[in-house]
Amino acid sequence: MPDEMKADLWRRWKAGESISVISRQIGKPPGSVFTVLKHHGGIAPESRKARAGSLTRNEREEISRGLCAGESYRTIAGLLGRAVSTISREVNNNGGRDPYRAIAAQEQALDRARRPKQCLLSREPALRQTVLTC
């Protein structure tokens, strides 16, 4: 369920609408609405906040424009008041100079920031095996 739809669901739930009314309004089955509500105990989760110091959507747009104009990482970093390594890491994490797109980079950053995350040992079988054999 998209975030906008969940926001509408929570707004309607807070206003006192029933699960069946909400499901008709957002076009989802009542079971889906119930699952979202149950997962959070019927209390809307706090809205997501970006960590202090993380790149903003506008900064990612400036990076994208700079890359299209052929500017160096150093030039882009100077314009944004950021470290060159921050710009380099951002571009490399999102496909490189040519395929970098600000909107896609923003979406990927939000996805990478989601919590809870699966623990490292469960994500990396080789590391898990190394730890088990020690």
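On a predicted model such as this, the values are computed, not experimentally measured, just so you know.

How each quantity is defined
- Residues numbered from 1 in each chain as written.
- Predicted model: local features only at pLDDT ≥ 70, side-chain atom pairs only at ≥ 80, totals over all residues.
- Heavy atoms only, no water.
- Helix = DSSP H or I, 4+ residues; strand = E, 2+ residues; numbered from the N terminus.
- Contact = heavy atoms within 4.5 Å.
- Salt bridge = Lys/Arg side-chain N within 4 Å of Asp/Glu carboxyl O.
- Buried < 20%, exposed > 50% of the residue type's maximum accessible area, 1.4 Å probe, protein only.
- Core = buried A, V, L, I, M, F, W, Y, C linked by side-chain atoms within 4.5 Å.
- Axes fitted to C-alpha atoms, helices over the stretch in contact; angles between N-to-C directions.
- Parallel < 35°, antiparallel > 145°, perpendicular 65-115°, else oblique.
- Nonpolar A, V, L, I, M, F, W, Y, C, P; charged D, E, K, R; others polar.

A. Region of interest: the side chain of Arg12. One can find Arg12 in helix H1 (residues 3-14). The residues touching Arg12, leaving out its near neighbours within four places in the chain, are Glu17, Ile22, Gln25 and Ile26.

B. Representation of the pattern of salt bridges within the structure. Evaluated as defined, the whole model comprises eight salt bridges. Linking Arg12 and Glu17 is a salt bridge whose minimum nitrogen-to-oxygen distance equals 3.3 Å. Among the residues examined, Arg12 registers a relative accessible area of 14% and is labelled buried. The class of Glu17 is partly exposed, set by a relative accessible area of 24%.

C. Spotlight on the nonpolar core. Among the nonpolar cores identified, the biggest contains 11 residues, and these are Leu55, Ile63, Leu67, Tyr73, Ile76, Ala77, Leu80, Ile87, Val91, Tyr100 and Ala105. When residues of this core are assigned to their parent elements, the largest contribution, four residues, is made by helix H5 (residues 73-80). If we ignore the near neighbours within four places in the chain, the residues touching Tyr73 are Leu67, Val84, Ile87, Ser88, Val91, Asn92 and Arg97. Listed in part, the seven residues of the second largest apolar core include Trp10, Ile22, Val33 and Leu37.

D. Spotlight on the packing of H1 against helix H3 (residues 30-39). In the contact formed by H1 and H3, the axes pass within 11 Å of each other and the chain directions differ by 80 degrees. Between H1 and H3, the crossing angle belongs to the class labelled roughly perpendicular. Taken together, the residues of H3 that come into contact with H1 (itself represented by Leu9, Trp10 and Trp13) are Val33, Val36 and Leu37. Of the residues assigned to the contact of H1 with H3, the class counts are six nonpolar, no polar and no charged.

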